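Observations on the three-dimensional arrangement
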Amino acid sequence: MSDTSPRLVAFDLDDTLAPSKTAIDPRMGDLLLALAERVEVAIISGGQLQQFKTQVVERLPAASTDLVSHLHLMPTCGTQYYRLSDDGIQTVYAHSLTDDEKSRALAAVREEAERLGLWEAEPWGEILEDRGSQITFSALGQSAPLEAKMAWDPTGEKKNSLREAVAARIPDLEVRSGGSTSVDITHRGIDKAYGMRKLAEATGIDLDDMLFVGDRLDPDGNDYPVLAMGVECQAVHGWEDTADYLDALIPTLPARA
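The shown structure was predicted, so the numbers you read here are calculated from the model rather than taken from an experiment.

How each quantity is defined
Every chain is numbered independently, its residues counted from 1 as its sequence is written. The predicted origin of the model limits local features to residues at a pLDDT of at least 70 and limits the giving and counting of side-chain atom pairs to 80 or more, whereas totals for whole chains, interfaces and linings rest on all residues. Where side-chain values are given, they derive from all heavy atoms of the structure, hydrogens and water being excluded. Each helix is a run of DSSP H or I of at least 4 residues and each strand a run of E of at least 2, with the numbering of both proceeding from the N terminus. When accessible area is computed with a 1.4 Å probe and restricted to protein chains, residues below 20% of their type maximum are described as buried, those above 50% as exposed, and intermediate ones as partly exposed. Any pair of residues with heavy atoms lying within 4.5 Å of one another is described as a contacting pair. We call a set of buried Ala, Val, Leu, Ile, Met, Phe, Trp, Tyr and Cys residues a nonpolar core when their side-chain atoms join them within 4.5 Å. The span expected for a helix works out to 1.5 Å for each residue beyond the first. Within this analysis, the arc is defined by the directions that extend from the helix axis to the C-beta atoms. In this scheme Phe, Tyr and Trp rings, the latter by its six-membered ring, pair at centre separations within 6.5 Å, and the angle between planes marks the pair as stacked below 30 degrees, edge-to-face above 60, and tilted otherwise.

With that settled, consider the side chain of Ser45. Summarising the element assignment, Ser45 is placed in the loop between strand E2 (40-44) and helix H2 (49-55). A relative accessible area of 6% places Ser45 in the buried class. Those residues in contact with Ser45 that sit more than four places away from it in its chain are Leu13, Phe52, Met74, Pro75, Thr76, Cys77 and Lys192.

Ranked by internal contacts, the top residues of the largest apolar core, which has 34 residues, are Phe11, Leu32 and Leu35. A total of 6 residues in this core trace back to one element, the largest contributor, which is helix H1 (residues 26-36). Setting aside residues no more than four positions away along its own chain, Leu32 makes contact with Phe11, Leu17, Ile24, Val41, Val56 and Leu60.

This brings us to the environment of Gln50. Looking at the element boundaries, Gln50 is found in helix H2. For the pair formed by Gln50 and Arg131, sequence separation is 81 residues and the distance between their alpha carbons is 9.9 Å.

Compared with the 24 Å implied by 1.5 Å per residue over 17 residues, the 24 Å span of helix H4 (residues 99-115) between its first and last C-alpha is a close match. Within the sequence span of H4, burial applies to Glu101, Lys102, Ala105, Ala108, Val109, Glu112 and Ala113. On an axial view of H4, the arc spanned by its buried residues comes to 140°, and they lie on one face. Of the residues in H4, the exposed ones pointing more than 90 degrees away from the buried face are Asp99 and Arg115. Against strand E6 (128-130), strand E7 (135-138), helix H6 (157-169), strand E8 (173-177) and strand E9 (182-187) lie the buried residues of H4. The positive-phi residue at the C-terminal boundary of H4 is Gly117, with phi of around 75°.

Attention shifts here to the packing of aromatic side chains. One pass over the full model with this rule turns up 2 aromatic pairs. Considering the side-chain rings of Tyr81 and Tyr93, the 5.7 Å spacing of their centres and the 65° angle between planes classify their relative orientation as edge-to-face. With Tyr81 in strand E4 (residues 80-85) and Tyr93 in strand E5 (residues 88-94), this residue pair connects regions lying 12 residues apart in the sequence. Neither Tyr81 nor Tyr93 differs from the other in exposure class; each is buried. When the ring of Trp119 is compared with that of Phe137, the centres are 6.3 Å apart and the planes differ by 45°; the resulting orientation is tilted. Note that Trp119 is positioned in the loop between H4 and E6 and Phe137 in strand E7, a separation of 18 residues in sequence. Look at Trp119 and you get partly exposed, because its relative accessible area is 24%.

Just distances and angles here, no functional claims.
See the structure below:
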């Protein structure tokens, strides 16, 4: 960073702010607002807007409109961008896939999952989801319990084999490993680095003045593109680790002018 303190702190969502698909702990809600009193706060995830609402927005403590205006929500890796206001969640932009792109992506991921023996016969909810700007494959279904998701592919081998097979079928689209059991399909060039660049454009804050916090900064992880682009990053292992990090970071940040 160009000085000792970031002007914007961005977070992954699942397994960084909260366990996968679950609501943030009250402690995390307090910390996010305390952070927003000092810097801009962004959340960038492959998840859809509804996840941001149920996991984070609806669990935040009561706060002034001025304070929550410093929160930036970027679902589907930044292909959608929302801000909070008196009127609720406001759309800044949303870049959707075309109907043709969606249909080809859905067919490719289903057929390759079946061929590789990764199509679950009795999932917890839908396996395939159209998120507008992203198609998401969730191996065990959208509502799978955390324990089952963590046990499904601990090495990432299943997910990576599916990603490679699908990518070969639809070379015009981007295919990435997402969360613990998911594969995401978007327009090419869409990853969390894309989201960070969009944040820089929207806020006028240089990437050098940003900090990213995530649990998957390893080369195969979906947070890695942010590290690779040169943004300062903090690796964490679960929301408690993130909370402890914020407890230490927030007192070091200057009050907003």
